[in-house]
Amino acid sequence: MNKSQKSGLAVVLTALLFGLLYYQTRPPDEEGHLGTINSLRNARASLREIELEISNLQLTISENYQPLQASISSFDSSLEELPSLVFSSLRREVSSITEALENGSNQLAQYHEYIEDFQTANSNLIAAIIDGDTHAKMRYFGELYELNYNTHSYELSIAIDNATLRYNQAFQSDMEKIERYRLILYAWMVGLAIALTTTIQRLRHLSLHQESLVKQRTMDLDDALSELFGEMELAKKIQTALLPRSPSIRGCEVAATMKPADLVGGDYYDIISTAQGDWIIIGDVSGHGVSAGLVMMMAQTAVATSIRQGANVTPPELLAIVNSTMIENIRRLGEQKYMTMTVVFRDLSGSFHFAGLHQDILIYRDHSQEVENIATTGIWLGLVEEIDPKLPAGHFELAKGDALLLYTDGITESLAEDGQMLDSDGLASLLKSSNALKSVNEALSYITNSVENREIDDDLTVILIRG
Amino acid sequence: MNLVSDNLFATVTRLEGKVSIVFDGKSDRQNPGEIITPWSEKVVPTLSGLDVDVDFRGLKYLNSSSFMPIFKMLSSARDIANNVHVRYDGSVNWQRLSFASLETIAKSWPNLHLSNH
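Here the structure is a predicted model, which means the values were calculated and not measured. (Residues numbered from 1 in each chain as written. Chains lettered and ligands numbered in written order. Predicted model: local features only at pLDDT ≥ 70, side-chain atom pairs only at ≥ 80, totals over all residues. Heavy atoms only, no water.)

Draft legend 1. A nonpolar patch on the surface, seen in detail. Residues and elements named next belong to chain A. Residues Leu9, Val12, Leu13 and Leu16 make up a contiguous nonpolar surface patch of roughly 370 Å² in combined accessible area. Mapped onto the fold, Leu9 is located in helix 1 (residues 3-25). Leu9 gets classed as partly exposed once you look at its relative accessible area, which sits at 42%. (Patch = residues over 30% accessible without salt bridge, like charges linked within 9 Å, V, L, I, M, F, W, Y side chains within 5 Å. Areas by Shrake-Rupley, 256 points an atom, 1.4 Å probe, with all protein chains shown as cover. Salt bridge = Lys/Arg side-chain N within 4 Å of Asp/Glu carboxyl O. Helix = DSSP H or I, 4+ residues; strand = E, 2+ residues; numbered from the N terminus. Buried < 20%, exposed > 50% of the residue type's maximum accessible area, 1.4 Å probe, protein only.)

Okay, here's the thing in structure tokens:
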């Protein structure tokens, strides 16, 4: 073989070698490669769809989680204000939470369903790849696919697991809260029921006890009142018994009345006849009621005793004796009492002598048909230790047809509807009008009936004497 | 140190060496001593050595139970004051009757003076 043949052979061998190398290193089949790429693209698209769905799912969970938290917060607030909340409101909160949880559960179920669909699609994809190409392609793209799949599926799995975990944690936490609150609510309700029952029982017991006490107190009070009224009635009887039963004055007609403001009054009048003449006494203890009545009875006793023991006592002397007798007793009673008193003595000649500070003396004069007003002088009893027995005495005569009126302030201070007092002028008018009446009793009734409609806050005593 | 109750009032005014007490309103409580006595127990000790002028002319009404605590106040005031001058309205029947006893008492109490106009 010559040199040119050898060179030709070397070129041919080199060409064959290159051809062989080219064959061994040529690119893969274009048609199979494109199919695999399409499958891969489809798988990626599926994975993106899955990612999108997962994202949507997370969004859904997130959106549901907020209202769930809000419901729980609301439930917390409601529970804090539980004592003041009505149960219906609480039930609505619980219902809202339950509904939110049901929504979450439904979303989770859908999610699991989607995972199953993904796994099925994944299996189908792998099967399609296996069935669609050569073993080498299958391995090559299988690795690529597996690489992609593992990467995505791992991320997906982590994301899903995290989402699931968060959801489950939130769900569990919420359920625990709900359960805890439910237990608290039940405990509170049970406690409340027990407290209510106990309170009702205690109230019932207390009520029964109170009723029993009230009954007992009422009975005691009734007894005490009966006893008190019995004693008051007795005091009234004593006071009434002290009044002259059938008062009479020589040569005169007499009518008298006393109306106490309370059961026992502080007004006092008396008519006492002695061998020397007739005494007419009228007085008024300050205030009224039992204490005033007691002072009045003291005065009556002191006056009657003094007159009967001192045959020739004068009106000023009588007052001095009565004052000294009463003042110590009034102090012992601890009462701030005093007594107005006028004593009138009609001697056997028919002259009237009087002393003592009380109301003015009114005398209807028949000859002039006018009322004479005689002011009393002196001092009230019970104010000072001693009254001068030499105090000046007054004097007047009572002619035939004249009328003498002695009274206490119960009548002169009686109020008309407009608040005006009757006063001594008003009483003088009544005295004047009464003179037309024949009997002294009728005249007295006329005077007292005339003030019946007036407001009278005090004892009322009137003595009418016709000459 | 004024007296202020539901209906009864007394205004205390102090000038040099003199005290003026002016009553106003009406005293119609059942137990007026409950109001008048505690007030007078505060006022009276401050009247020592002074000329005291007590004016009742503005009073509309004084029931019988009111006189004793007022009398005790005047009596206590007279014990420590230089002079006590009581003014009342003699033209008003109840005032004339209420202060008539004081007119009698004043005759034996040299530093108690009354005027009825």
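Draft legend 2. A look at the pairing of strand 7 (residues 370-374) of chain A. Residues and elements named next belong to chain A. Where strand 6 (residues 361-365) meets strand 7, five bridges bridge the pair, whose relative direction is antiparallel. Bridge pairing in strand 7 places Leu362 opposite Asn373. What sits between strand 6 and strand 7 in their antiparallel hairpin is a turn of four residues, with Gln369 showing a positive phi close to 55°. (Pairing = 2+ DSSP bridges.)

Draft legend 3. Spatial organisation of the sheet that holds strand 3 (residues 277-285) of chain A. All names here are of chain A. The sheet built from five strands is open, its strands ordered 2-3-4-5-8 with antiparallel pairing. Lying at the two open borders of the sheet, with one neighbouring strand each, are strand 2 (267-273) and strand 8 (394-397). Within this sheet the neighbouring strands show an average axis-to-axis angle of 15°, counted without direction. Here helix 5 (residues 290-309) sits on the sheet and contacts strand 2, strand 3 and strand 4 (339-347); the angle it forms with strand 2, its principal contact strand, is near 15°. (Axes fitted to C-alpha atoms, helices over the stretch in contact; angles between N-to-C directions. Contact = heavy atoms within 4.5 Å.)

Draft legend 4. View of a negative patch on the surface. All names here are of chain A. Together, Asp220, Asp222, Asp223, Glu227 and Glu231 make up a negatively charged patch on the protein surface. By the element assignment, Asp222 lies in helix 4 (residues 135-242). On the accessibility criterion, Asp222 (42% relative accessible area) is partly exposed. (Lys, Arg positive; Asp, Glu negative; His and termini not counted. Charge placed at Lys NZ, Arg CZ, Asp CG, Glu CD.)

Draft legend 5. Spotlight on the interface of chain A and chain B. If you look at the interface, chain A gives 22 residues, while chain B gives 21 residues. Overall, the association of chain A and chain B removes approximately 1,700 Å² of surface from exposure, summing both partners, and the carbon and sulfur fraction of that is 57%. Looking at the side of chain A facing chain B, the largest losses of area belong to Gln336, Trp380 and Leu383 of chain A, adding up to 31% of the total buried there. Connecting chain A to chain B are one salt bridge. A salt bridge links Asp360 of chain A to Arg96 of chain B, with the nearest nitrogen and oxygen atoms 2.4 Å apart. For the interface between chain A and chain B, the tally reads eight residue pairs in polar contact (both at pLDDT 80 or more). (Buried area = accessible area lost by both parts, 1.4 Å probe. Polar contact = N/O pair within 3.5 Å; in protein donor to acceptor, adjacent residues only side chain to side chain.)

Draft legend 6. Representation of the sheet that holds strand 6 of chain A in the model. Residues and elements named next belong to chain A. Taken together, five strands build an open sheet; the order of strands is 1-10-9-6-7 and the sheet is antiparallel. If you trace the sheet from one side to the other, it starts and ends with strand 1 (253-259) and strand 7, each paired once. Taken over all neighbouring pairs, the strand axes of this sheet differ in orientation by 15° on average, direction set aside. Relative to strand 10 (residues 460-466), strand 1 runs antiparallel, the two sharing seven bridges. Opposite Lys259, over in strand 10, you have Leu460 as the bridge partner. Against the sheet, helix 9 (residues 440-450) engages strand 1, strand 9 (403-407) and strand 10, with an angle of about 30° to strand 1.

Draft legend 7. Main features of the pattern of salt bridges. Residue and element names in this part refer to chain A. Under the definition given, this model contains 15 salt bridges over all chains. Between Glu385 and Arg331 there is a salt bridge; the shortest N-O distance is 2.2 Å. Separated by 54 residues along the polypeptide, Glu385 in the loop between strand 7 and strand 8 and Arg331 in helix 6 (residues 315-333) bring together distant segments of the chain. Judged by relative accessible area, Glu385 falls into the partly exposed class, the value being 43%. Taking the shortest distance from any N to any O, the salt bridge between Arg365 and Glu372 comes out at 2.7 Å.

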